[in-house]
Amino acid sequence: MGGEMGLRELKRQRTYESVSDTAVALFLERGFDGVSVAEVAAAAGISKPTLFRYFPAKEDLVLYRFADHQDEAARVVAQGRTDGLAPLPALHAHFRHGLRSHDPVTGLSDNPHVLAYHGLLYGTPSLVARLYGYQDRSEQALAAELGDGLDARIAAGQIIAVQRILALDNWRRIAAGESAAALYAQAVEAADRGFEQLGEGLGGRYGEKSR
């Protein structure tokens, strides 16, 4: 039974990825508003009702790539506690690691496919609006990991906002022509400054200054 469930979940995951990839390719070619959901379904070889069972909204076809990152900050904090790290130092170290590996989530990636995807995302108002919903869920998950309550929700909102601003600044500079390699040192410095300000603003409750 466990094996059957594992295969079923694997098949479902592959369907998500395949349909999302098909949709993104079409959107990049013709624009988000230039492609209908019915056209995506036809290109993916599934019916429109089936597509909506996987993706409730057209925007989710693009933002699916963010789905695994919704509880990433919360997971980092949980793992940090296991490793003896307070929340802010753990998140700071994780963001720095993302910069080193040019993780697209940090914005520090000049891979042509990543740049095209980010151009589609940030250049489409309905996608930007939908992205805020994903970020709200990130805040909720992080707040729960921080202990919930108003203080935790305020801290989570600030942390997610800082990470978003850092990533967006990196993407904008790369989209303007800078290379990821050339921008790396400045991106690290900006991240250090951002997390230092978080540490000063939030005090010692979630960790000392994380520099």
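The structure we're discussing is the one just above.
Residues numbered from 1 in each chain as written. Predicted model: local features only at pLDDT ≥ 70, side-chain atom pairs only at ≥ 80, totals over all residues. Heavy atoms only, no water.

Enquirer: Tell me what's going on with the environment of Glu 139, and back it up with residues and numbers.
Expert: One can find Glu 139 in helix 8 (residues 125–146). Once the C-alpha coordinates of Glu 139 and Ala 43 are considered, the two residues, 96 residues apart in sequence, prove to be 35 Å apart. Beyond its immediate chain neighbours, meaning those up to four positions away, Glu 139 contacts Ala 156, Gly 157 and Ile 160. (Helix = DSSP H or I, 4+ residues; strand = E, 2+ residues; numbered from the N terminus. Contact = heavy atoms within 4.5 Å.)

Enquirer: Any details on helix 6 (residues 87–100)? Residues and values, ideally.
Expert: Over its 14 residues, helix 6 runs 20 Å from end to end, which matches the ideal 20 Å to within 8%, given 1.5 Å per residue. Of all the residues in helix 6, the buried ones are Pro 87, Leu 88, Ala 90, Leu 91, His 92, Phe 95, Gly 98 and Leu 99. Packed against the buried residues of helix 6 are helix 5 (72–82), helix 8, helix 9 (149–175) and helix 10 (180–202). Of the residues trailing helix 6, His 102 is marked for its positive phi of about 55 degrees. (Expected span 1.5 Å × (residues − 1). Buried < 20%, exposed > 50% of the residue type's maximum accessible area, 1.4 Å probe, protein only.)

Enquirer: If you had to explain the packing of helix 8 against helix 9 to someone new, which residues and values would you point to?
Expert: Remark: helix 8 packs on helix 9, axes separated minimally by 8 Å, with the N-to-C direction vectors making an angle of 135 degrees. Classified by the angle between their axes, helix 8 and helix 9 sit oblique to one another. The element helix 8 and its partner helix 9 pack so that their crossing is right-handed. In this structure, helix 8 contributes Tyr 132, Gln 135, Ser 138, Glu 139, Leu 142, Ala 143 and Leu 146 to the contact, and helix 9 contributes Ala 152, Arg 153, Ala 155, Ala 156, Gly 157, Ile 159, Ile 160 and Arg 164. In the contact of helix 8 with helix 9, the residues fall into nine nonpolar, three polar and three charged. (Axes fitted to C-alpha atoms, helices over the stretch in contact; angles between N-to-C directions. Parallel < 35°, antiparallel > 145°, perpendicular 65-115°, else oblique. Left-handed = near helix turned anticlockwise from the far one by under 90°. Nonpolar A, V, L, I, M, F, W, Y, C, P; charged D, E, K, R; others polar.)

Enquirer: Quick rundown of the packing of aromatic side chains? Include the residues and the values.
Expert: With the rule as written, the count across this model stands at eight aromatic pairs. Consider the rings of Tyr 16 and Tyr 54, whose centres lie 5.0 Å apart with planes at 85 degrees: the pair is edge-to-face. Placement of Tyr 16 in helix 1 (residues 2–30) and of Tyr 54 in helix 3 (residues 48–54) is noted, with a sequence separation of 38 residues between them. Residue classification places Tyr 16 among the buried positions, given a relative accessible area of 16%. On the accessibility criterion, Tyr 54 (18% relative accessible area) is buried. Taking 4.8 Å as the distance between ring centres and 45 degrees as the angle between the ring planes, the aromatic pair formed by Tyr 122 and Trp 171 counts as tilted. Residue Tyr 122 is found in helix 7 (residues 112–122), and its partner Trp 171 is found in helix 9; the two are separated by 49 residues along the sequence. What makes Trp 171 buried here is its relative accessible area of 13%. In this structure, Lys 58 is placed above the aromatic ring of Phe 32, and the distance from its NZ or CZ to the ring centre is 4.4 Å. One cation-aromatic arrangement involves Arg 137 over Tyr 134; the distance from NZ or CZ to the ring centre is 4.8 Å. (Phe/Tyr/Trp six-rings, centres within 6.5 Å; stacked < 30°, edge-to-face > 60°. Lys NZ or Arg CZ within 6 Å of the ring centre and 35° of its normal.)

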